[in-house]
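Structural features, examined
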Amino acid sequence: MAERTFKVYRGSDDDGRLESYTVEIDEGMVVLDAIHRIQAEHAPDLAVRWNCKAGKCGSCSCEVNGRPRLTCMTRLSDYGEGEPITVTPMKAFPVIKDLVTDVSQAYRNNASIPRFRPRPRDADDGWRMQQFEIDRAQEMRKCIECFLCQDVCHVLRSHGKHEEFIGPTYLVRTAGYSLNPIDVEDRSEFLRDAAGIGYCNITKCCTEVCPEHITITDNAIIPLKERVVDRFYDPLKALVRLVRRR
Amino acid sequence: MEISERHEHDVLVIGAGGAGLRAAIAAIEAGASVGLVGKSLLGKAHTVMAEGGMAAALGNNRPEDNWQVHFRDTMRGGKGLCDWRMARAHARESPDRVRELEGWGALFDRAEDGRMNQRPFGGHTYGRLAHVGDRTGLEMIRTLQDHAVHEGADVFMECTVFRLLVVDGRVAGALAYWRPTGEFVLFRARTVVLATGGLGKAWKVTSNSWECTGDGVALAYDAGAELMGMEFVQFHPTGMVWPPSVRGTLVTEGVRGEGGVLTNRDGERFMFRYVPEMFEGDYAESEEEADRWVEGDRVANRRPPELLTRDVVAKAIVAEVEAGRGSPHGGVFLNISEKRSPEYIKAKLPSMYHQFKELAGVDITTDAMEVGPTTHYAMGGVKVHPETAATCVPGLYAAGEVAAGLHGGNRLGGNSLSDLIVFGQRAGAAAAEEARDVSLAEIPASELSGAAAGAMAPFAREGGRNPFGLQEELQQIMQDKVGIARTDEALRDALEDVRRLRGALDSCSVDGGRAFNPGWHTWLDLRVMLTVAEAVVLSALERRESRGAHTRIDYPDSDASLGRVNFVIRSSDGRMVTDAEPVSEPPAELRQLIEEGV
Ligand SMILES: Cc1cc2nc3c(=O)[nH]c(=O)nc-3n(C[C@H](O)[C@H](O)[C@H](O)COP(=O)(O)OP(=O)(O)OC[C@H]3O[C@@H](n4cnc5c(N)ncnc54)[C@H](O)[C@@H]3O)c2cc1C
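Residues numbered from 1 in each chain as written. Chains lettered and ligands numbered in written order. Predicted model: local features only at pLDDT ≥ 70, side-chain atom pairs only at ≥ 80, totals over all residues. Heavy atoms only, no water.

1. What about the site of the ligand?
Residue and element names in this part refer to chain B. For the ligand, the set of nearby residues contains 39 residues, the closest of which are Thr-47, Glu-211, Asp-215, Glu-401 and Leu-417. Between Ala-16 and the ligand, the recorded distance is 2.9 Å, taken from a backbone N or O atom to an oxygen atom. Within the contact set of the ligand, an oxygen atom lies 2.6 Å away from a side-chain nitrogen or oxygen of Glu-211. Broken down by secondary-structure element, the contributors of at least two residues to the shell around the ligand are helix 1 (18–29), strand 7 (159–167), strand 14 (369–378) and helix 11 (415–435). Ranked by residues supplied to the shell around the ligand, first place goes to helix 11 with four residues. A class-by-class count of the residues in the shell around the ligand yields 14 nonpolar, 19 polar and six charged. (Near = heavy atom within 4 Å. Polar contact = N/O pair within 3.5 Å; in protein donor to acceptor, adjacent residues only side chain to side chain. Helix = DSSP H or I, 4+ residues; strand = E, 2+ residues; numbered from the N terminus. Nonpolar A, V, L, I, M, F, W, Y, C, P; charged D, E, K, R; others polar.)

2. Details of the domain arrangement of chain A
Residue and element names in this part refer to chain A. Along its sequence, chain A is organised into domain 1 (2–101) and domain 2 (104–236). Computed over C-alpha atoms, the centres of domain 1 and domain 2 are 30 Å apart. Between domain 1 and domain 2, the residue contacts involve 15 residues of the former and 14 residues of the latter. When the buried surface of domain 1 facing domain 2 is broken down by residue, Pro-68, Ala-92 and Phe-93 rank first, second and third, together holding 44% of it. Taken together, the connections running from domain 1 to domain 2 amount to one salt bridge. For Arg-157, the salt bridge is made with Glu-63, and the minimal N-O distance between the two is 2.7 Å. Where domain 1 touches domain 2, the interface holds five residue pairs in polar contact (both at pLDDT 80 or more). Elements with a minimum of two residues in the side of domain 1 that touches domain 2: strand 3 (61–64) and strand 4 (67–70). Here the residues of the side of domain 1 that touches domain 2 sort into seven nonpolar, four polar and four charged. (Domains from an automatic or database assignment. Contact = heavy atoms within 4.5 Å. Buried area = accessible area lost by both parts, 1.4 Å probe. Salt bridge = Lys/Arg side-chain N within 4 Å of Asp/Glu carboxyl O.)

3. Regarding the interface of chain B and chain A
The interface of chain B with chain A comprises 64 residues on the first partner and 57 residues on the second. When chain B packs against chain A, close to 4,900 Å² is buried across both sides, 53% of that on carbon and sulfur atoms. Summed over the three residues of chain B that lose the most area to chain A, namely Lys-44, Leu-107 and His-150 of chain B, the buried surface amounts to 14% of that side. Taken together, the links from chain B to chain A amount to seven salt bridges. Arg-173 of chain A serves as the salt-bridge partner of Asp-146 of chain B, at 2.7 Å between the closest nitrogen and oxygen. Where the side of chain B that touches chain A is concerned, the elements lending two or more residues are helix 3 (84–103), helix 4 (136–151), helix 10 (350–360) and helix 15 (518–542) of chain B. Among the elements that line the side of chain B that touches chain A, the one with the most residues is helix 4 of chain B, at ten residues.

4. A look at the domain arrangement of chain B
Residue and element names in this part refer to chain B. Each domain of chain B was delimited in the assignment, giving domain 1 (18–232 + 379–435), domain 2 (238–375) and domain 3 (451–558). Here domain 1 and domain 3 have C-alpha centroids that lie 25 Å from each other. Taken over both partners, the interface formed by domain 1 and domain 3 buries close to 2,900 Å², and the fraction arising from carbon and sulfur atoms is 65%. Applying the counting rule to domain 1 against domain 3 returns one salt bridge. Its salt-bridge partner being Arg-543, residue Glu-231 comes within 2.6 Å of it at the nearest N-O pair. For the interface between domain 1 and domain 3, the tally reads 15 residue pairs in polar contact (both at pLDDT 80 or more). Contributing elements (two or more residues each) for the side of domain 1 that touches domain 3: strand 7, strand 8 (170–178) and helix 5 (215–222). A class-by-class count of the residues in the side of domain 1 that touches domain 3 yields 18 nonpolar, six polar and nine charged.

5. What about the environment of Ala-378 of chain B?
All names here are of chain B. Mapped onto the elements of the fold, Ala-378 is located in strand 14. Relative accessible area serves as the criterion here: at 3%, Ala-378 is assigned to the buried category. Distance in space between the C-alpha atoms of Ala-378 and Arg-486 is 17 Å, their sequence separation being 108 residues. Once you skip the residues sitting within four places of it in the chain, Ala-378 turns out to touch Leu-199, Phe-232 and Glu-401. (Buried < 20%, exposed > 50% of the residue type's maximum accessible area, 1.4 Å probe, protein only.)

6. Details of the sheet that holds strand 10 (residues 227–228) of chain B
Residue and element names in this part refer to chain B. Spatial ordering of the open sheet is given by 15-10-17-18, a layout of four strands whose pairing is antiparallel. The sheet is open, and its two edges are formed by strand 15 (381–382) and strand 18 (575–582), each paired on a single side. Both strand 10 and strand 17 (residues 565–572) contribute to a ladder of two bridges, which runs antiparallel. The residue of strand 17 that forms the bridge with Leu-227 is Ile-569. Its contacts with the sheet put helix 15 on strand 10, strand 17 and strand 18, and the angle it makes with strand 18 is roughly 45 degrees. (Pairing = 2+ DSSP bridges. Axes fitted to C-alpha atoms, helices over the stretch in contact; angles between N-to-C directions.)

Here it is as C-alpha cells:
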C-alpha cells in the first residue's frame, strides 16, 4: 500500500501551525478518510467536523490546498502522486480548534430572516402547485449549509463583514422562501438593510464552489436584488403602494 | 467538580433530528419553554441523510389508499410485533403531519394535479412516499429547524448529554458537555424528551454517522427505563461495497422503486427465487411482467420482487454471495441503466448519481452498482406508552428512532420519517402538559460531581489503550457475531467480548485537552455503545427463531408463540435482565383488517 504525507492545521485561531502526518492510503480514499486515519493512528485529539460522509450534510467543509471543499467528497486520487496535500480550516471563520471553525454567526444570520408566511390553504388538504412553479425554489432548498460559499465570498473572507452582510448561504435561504409560490412575506426591507444585499457585487465565486451546483448568483441573488430595486426604486410601484396603504 | 453553567426549561428535548425538532415545536405550541440539545450543528442530525421519502396515506396518487391500508402494510411488514395502537396513530395522523410541513415552508415534488406526488417503496401497497427527489430528509430537517428557531426554541448545538438526572424517582434534568470546549453544563427541566436517534455505529459496515451511538437507549436504561425489541436491527439490502472507505454508505431503495434490478455474477435476476410464502402472488412472476410494471402499467401487473421487504432482500443477497455468485467485491449488482434513460436517472436520483460518480468512479447511467447489506435502523429501543410516548420513568418521554414499538420486527421504508413527526408531536405535547404540574427539582451536588469525575477519568491515565482501537474492535465483533445471520454460539462469544471490552474502558487513556477532543468523545461514546451492544446481544440470544430482521441460522423458522412476545430489558441490581412480554392484541375489527385486507 502507498503512503502519503499530509499537512494539517493544528491549534487555535491565534496559535496554529501545520503538522505533517504520514498514513497508508487505500484505493478510493477521500481527504476525510485520511484525517480519520491520522486521528486513529497519530493524533486522537485532532478536531474535525463530519456526519454523513456522503456529501449530504455539509459538516466537513475545510480548505484543501487552499480551495474550499467538502473533505468527504474530495478523492485523494485527484491529487498527483507527488503533490502535497494541505488541509486547513475555512478561512472566513474563526478557528475553534484544528479544522473546526466557529460558525455561530451564520446561525444568528439565519434566525434574522423574516420567516416563511403562507397564503391560506387552497383546499382542506393543502396547497396546489405545479412542479414548474417550484423548480426554482427547490433548487435553493438543495442547500446543505456547508458554508463553502460563505468561506469563498470576499465580503466575508477578505473584509470580515459578517455583521453587515448575511452572505450567500442565507441569501439562498431567503430565496428559498421568497420563490415559494405560496409565500406572502415581503422581505425586501430586510434584504436591503439587515441582510446587506448591496455588498454583493456578483463575482460568482460562491456559485463556483457550491457542491450542490446551485446557481447562487444568477438564480438567488440577482432575483432578490431585483425585488429590492422594484420595491424601493421603482417610482411607479412606490406610488401604487403608497396609495394602497392609505 | 463545580458545574458553573446551568439552564432551566419546562421541557428539555435531547436530540435535534426530525423527532426532537417536532417535539420541541409541539411543546412550545403548548406554552412550554423548551431547551433543544444536539451533538452536531443544527440541521446536521442524521435525519438530513434520509433520501427516499416519507410514508403517509394521502391518497393523492391512488384514491383507494387510506389509513387502514397503511396500518395493514405496517403491521404485516413488522411480522406481528408492531404495537397496534402506535401503528394506528401513525397511519391516521401522518397525512396531517406531512401537510403541515408545507405550511412551514417545505416543498415536496408535485403530481399533475398540483398535490404532492407519492412514490412506491418496498412493502407499501400503493405509491405512498411524499418526497423531494432523493433528498427528502434535508427538506424535512430544514423546515423543522427554521420553524423551531422562529417559534423560540432555545438551541444548544454541539452539546452532548451523558447522564440523565433522576431525583426521587422522577427525571429532573441532564448533564452534558460542550463539544467545542469540553466544559460541563447542567440542564434542569420539569420533563425530558429523548429523541437521540439510532445506534448503527456499533457495527463496522453501516449507513449511520458517528452520532448514531444509541445514547438515548443507554441514558434511559441507566435512568431506570425499559428497552424493547433490541434484537431487531435492520440491515438495509443495498449499501455501497466498494471502495473500502465508503463501504456501507446507503444506496436508496428509490433505485429499485424506479426500476433498478438486482443480478448475481451469472447475470441472473435472483430475487424471483426468494419470494416468501407470506407474499406469494403479490409480486411479478416473470421479468416481462416486472418490466411492464416499471414501464407504468401498474394495475394489470405486479411489482418486481426487488421491492420485497428489506429483511427478505438483504437475506437473499447474503445467500447469493455465500453461494459464490457474488460480485468482485463481495456484493451483488444493482443496475438501473438498462431500464431508464440517463436523463431520467439524473432527474430522479441525482444524489445517487453523484455519490457513485464521485466516490466510486461509477456512472450509474451506463454501469451497474455493486451493493450489499449495511446496518441501517433500530426497530427496538426505549419502551414507551403507545399514545403519549412516556417511558416508565416519570417525566421521561422518547420519540423517533430511539423509541420502540411502531415497527416491530421490520420497518417499512418511509415509515421512519412519518414516525418522527407523528410521535415527536405527541411526545412534545404530552411532555409540555405534564410539565405544568411539576416543579423543578434540586439536583444533589454529589451526583453531579460524581458523574463529571467519571467522565474525566481517562485524562488521568497515561499510555493506556486508544479509544479508537477499542471502538474498532467492538464494531468488528458486532459485524462478525451479531450481524445479519446469528447463532447461539457466536452470540455467546459476543456477549463475553462485550463484557471484556467494558472492562477495557478503564484502561483507556486520552491525550490532549478537553476542547474538541475526538479521542475523549469516542471514549465517552464507547460507554454508551457497550450498553447498547449488550442489550442487542441478550435479546438476540433470547429470540430463538427467525423473524423479520432477526435471523438465527440455528433456528431458521418463525415460531408462532414467539411471534406474540417482545423481549424487554431492564436493570435489576446492576445487571441487565430480559423478560418476555405479550404483544397487545388488536381489537377484532383491526385483526380482521390485518388478516383479510380492506
Ligand atoms: C442514509 C439514510 C437514508 C434514510 N432514508 C430514509 C427514508 O427515505 N425514509 C425514512 O422514513 N427513513 C429513512 N432513514 C431513516 C431515518 O432517516 C432515521 O431513522 C431518522 O432520521 C431518525 O430521526 P430521529 O429524529 O429519531 O434521530 P436523528 O435524526 O438521528 O437525530 C438524533 C439527534 O439526537 C442528538 N443526540 C444523540 N445523542 C445525543 C446526546 N447524548 N446528547 C445530545 N444530543 C444527542 C443528535 O445529535 C441528533 O440531533 C434513512 C436513514 C439513513 C441512514
